[in-house]
Amino acid sequence: MPAKTPLSVTANLQRMLQMMERLMEINITLNSTLALGQVLDLIMVKAVEMLECEAGSILLYNKEKDCLYFSASTSADSKKLAEIPIPLTDSLAGAIFSKNIPLVVNNVDHDVRHNATVASQVNFHTNSLLGVPMRIQNRVTGVLEALNKKQGSFTEEDVKILTAIASQAAVAIENAQLVEALQKSYDSTLEGWAAALDLRDKETEGHSQRVTVLTIQLAQEIGVSQEDLIHLRQGALLHDIGKMAVPDKILHKHGPLTERETAIMRQHPLSAYKMLYPIAYLRPALDIPYCHHEKWDGSGYPRGLKGEDIPLHARIFTIIDVWDALRSNRPYRKAWSPKKTITYIQEQAGKSFEPGIVKSFMDVIQPLSAR
């Protein structure tokens, strides 16, 4: 075998360094990306790009059903794929997972392990496949696949590259899953708090859930980012958490409040701030519990904020809060009609509410009210 020339050695070294650099970039990005969907998409894009193939897929192990499921795919039929269980026997992905070894198949149709059932349900034909196990230490969590090499066949170098990506990806996916599970746990806790608040005040039962749903709809209409929607949802659920500090005899009083009782009731936004601020996780959600009684013209409480000094989330929420309150029965009045409530909110544009948000609110509420 002829010795490699210095030029070919240099070219190979440069290519190896470039690959290492790109793998390092993937590692850094994965570690800074916590959302599971983002992690999966990033892995797919990078794997397909680096291996110069047509498509890729990630299959994760479902312990309860003892099979693999497509968690991500570049296929146009990715939603359909996600519903198809892949058995650990009679499938190429199952063989990779069960045996914990990489697998290269350059003619998939001729391999008896190829699961033709899956292929018949999607609009994609697999010619060649490179699959590697996704491992955390000695535990296999799934399979990363590269499909249809654009030029030539998958090589040993391709196996090394995909194995390196899979190693980084397995840890990033598990971290993202833990964060997602923790997020769901937090959300369940917040929903429990909101339900407890509603149960304490029978007149407002279901109020927190209703205003949360509608607030998110209005925020989406305005263009609030997906990340901010998370904080907005938390704030909406907890908007009346400060009423926990209001005595029952004031909170449940059916008649008008005295001046002293009104002053105590108006302390609930400040009470919410004191309750929630020590919880670092909930600080980005504080704007609504603390500021949802502020008014556009500066006549609100507890701080008398005016105009855009009122946080955006609170400006959005306060319209929804008033809408739901007026549309609900109270011991001292019947629920207002949609038409009467809409008229009131329009009249309060520039007074209680930001005019631009009122306009967006009309775009959201009028189709709902017409049902």
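Every chain begins its residue count from 1, and numbering advances along the sequence as written. Totals for whole chains, interfaces and linings use every residue, but because this is a predicted model, local features are given only for residues with pLDDT of at least 70 and side-chain atom pairs only at 80 or more, for both listing and counting. Hydrogens and water molecules were not included; the side-chain quantities draw on all heavy atoms of the structure.

**Q** Even after reading the chapter, I still don't get the overall build of the chain, so can you show me in this structure?
**A** Counting its regular elements, the chain contains 15 helices and 6 strands. By residue count, 44% of the 371 residues in the chain fall in the buried class. Summarising the internal contacts of the chain: among those between residues at least 6 apart in sequence, 59% fall at separations of at least 24. Note on areas: Shrake-Rupley, 1.4 Å probe, and residue coverage restricted to the protein chains presented here. Carbon together with sulfur atoms contributes 54% to the accessible area of the chain, which is approximately 20,000 Å² in total. Think of it this way: any DSSP run of H or I at least four residues long counts as a helix, any run of E at least two long counts as a strand, and we number them from the N terminus. Only protein chains enter the area calculation, which uses a 1.4 Å probe; residues under 20% of their type maximum are buried, those over 50% are exposed, and those in between are partly exposed. Note on contacts: a residue pair is in contact if any heavy atoms of the two residues lie within 4.5 Å.

**Q** Would you explain the confidence of the model for the chain in this entry?
**A** In low-pLDDT regions, the fine details of the predicted coordinates are not to be read closely. Confidence of the prediction at every residue is given by pLDDT, a number between 0 and 100. Residue-level pLDDT values for the chain average 84, and 86% of them are 70 or greater. pLDDT under 50 marks residues 1–7. Its contacts with residues more than four places away, or in other chains, come to 2 contacts.

**Q** Looking at this model, I keep getting lost on empty space enclosed by the protein. Mind explaining?
**A** Any empty space left between the atoms is revealed when a probe the size of a water molecule rolls over them. Here a cavity means grid points, on a 1 Å grid over the protein atoms only, where a 1.4 Å probe fits yet cannot get out; a pocket means an open set of points with protein on both sides within 12 Å along at least five of seven lines; lining residues are those with an atom within 4 Å of a point. Grid points are joined across faces, edges and corners, and a volume is the space filled by probe spheres set on the points. Within this structure, the stated rule accounts for 3 cavities of 30 Å³ or more. Quantified by volume, the largest cavity comes out at close to 340 Å³. Lining the largest cavity are 23 residues, and of these Phe 70, His 114, Val 118, Thr 126 and Glu 145 sit closest to its centre. Broken down by secondary-structure element, the contributors of at least two residues to the lining of the largest cavity are β1 (53–62), β2 (67–73), α4 (92–99), α5 (116–119) and β6 (139–149). Classification used: nonpolar for Ala, Val, Leu, Ile, Met, Phe, Trp, Tyr, Cys and Pro, charged for Asp, Glu, Lys and Arg, polar for all others including Gly. For the lining of the largest cavity, the per-class residue count stands at 14 nonpolar, 8 polar and 1 charged.

**Q** So what exactly am I meant to see when it comes to the sheet that holds β2 here?
**A** Here 6 strands make up an open sheet; going across it, the order is β3-β2-β1-β6-β5-β4 and the pairing antiparallel. Where the open sheet ends on each side, the last strands, each with one partner, are β3 (85–86) and β4 (103–105). DSSP calls a pair of strands paired once it identifies at least 2 bridges connecting them. Relative to strand β5 (residues 129–136), β4 runs antiparallel, the two being bridged by 3 bridges. Across the sheet, Val 104 pairs through a bridge with Leu 130, a residue of β5. Lying over the sheet, helix α2 (residues 36–51) contacts β1, β2, β5 and β6, oriented at roughly 140° with respect to β1. Comment: axis = line fitted to C-alpha atoms, over the contacting stretch for helices; angle = value between 0 and 180 degrees taken between N-to-C directions. Contacting β1, β2, β3, β4, β5 and β6, α4 runs over the sheet at an angle of about 140° to β6.

**Q** It is not clear to me how the pattern of salt bridges should be interpreted in this structure. Could you clarify?
**A** Side chains that carry opposite charge are capable of pairing whenever their charged atoms lie near each other. Just to be clear on terms, a salt bridge is a Lys or Arg side-chain nitrogen sitting within 4 Å of an Asp or Glu carboxyl oxygen. With the rule as written, the count across this model stands at 7 salt bridges. Between Lys 149 and Asp 158 there is a salt bridge, with the nearest N and O atoms lying 3.0 Å from each other. Classification of Lys 149 by relative accessible area gives buried; the value is 17%.

**Q** Is there a simple way to think about the packing of helix α8 (residues 226–237) against helix α13 (residues 312–326) in this case?
**A** A pair of packed helices is characterised by two quantities: the angle between their axes and the separation of those axes. Interhelical geometry of α8 versus α13 gives an angle of 50° and a closest axis separation of 11 Å. Judged on the interaxial angle alone, α13 and α8 are oblique. Regarding α8 and α13, the two cross each other, and that crossing is right-handed. Of α13, the residues touching α8 (which contributes Asp 228, His 231, Leu 232 and Ala 236) are His 313, Ile 316 and Phe 317. Residues of the contact of α8 with α13, tallied by class, amount to 4 nonpolar, 2 polar and 1 charged. Roughly parallel refers to an angle under 35 degrees, roughly antiparallel to one over 145, roughly perpendicular to one between 65 and 115, and oblique to any angle outside these ranges. Helix crossings get a hand from a simple test, with the near helix turned counterclockwise from the far one by less than a right angle marking a left-handed crossing and a clockwise turn marking a right-handed one.

**Q** In this structure, what is going on with the side chain of Ser 91? I would like to understand it.
**A** Position of Ser 91 among the secondary structure elements: in the loop between β3 and α4. A distance of 2.6 Å separates the side chain of Ser 91 from the backbone oxygen of Pro 87, its partner in a polar contact. What qualifies as a polar contact is a pair of N or O atoms within 3.5 Å, subject to a donor-acceptor requirement within protein and to the restriction that residues adjacent in sequence count only when both atoms come from side chains. At 2.9 Å, the side chain of Ser 91 and the backbone nitrogen of Gly 94 are in polar contact. Not counting residues within four places of it along the chain, the set of residues in contact with Ser 91 comprises Ile 86, Arg 113 and Asn 115.

**Q** Help me understand the pairing of β6 in this model?
**A** Remember that side chains alternate between the two faces of the sheet whenever the strand is regular. Counting buried positions along β6 gives 10 out of 11 residues, so the element sits mostly inside the fold. Where β1 and β6 come together, 7 bridges link them in antiparallel fashion. By the bridge assignment, Cys 53 is partnered in β6 with Lys 149. Counted between consecutive antiparallel strands, the loop separating β5 from β6 contains 2 residues, among which Gln 137 sits at a positive phi close to 55°.

**Q** Looking at this structure, how should I read the packing of aromatic side chains?
**A** Here a ring pair, both rings aromatic, is described through the centre-centre distance and the interplanar angle of the planes. The aromatic pairing rule takes the rings of Phe, Tyr and Trp, using the six-membered ring of Trp, and pairs them if the centres are within 6.5 Å, calling planes under 30 degrees apart stacked, those over 60 edge-to-face and the rest tilted. Counting across every chain of the model gives 5 aromatic pairs. Ring plane angle 65° and centroid distance 5.7 Å describe the contact between Trp 323 and Phe 361, whose orientation is recorded as edge-to-face. In this pair, Trp 323 is assigned in helix α13 and Phe 361 in helix α15 (residues 355–369), connecting sequence segments 38 residues apart. In this structure Trp 323 comes out as buried when scored by relative accessible area, which is 9%. A relative accessible area of 1% means that Phe 361 is categorised as buried. An angle of 85° between the planes, with centres 5.8 Å apart, marks the rings of Trp 336 and Tyr 344 as edge-to-face.

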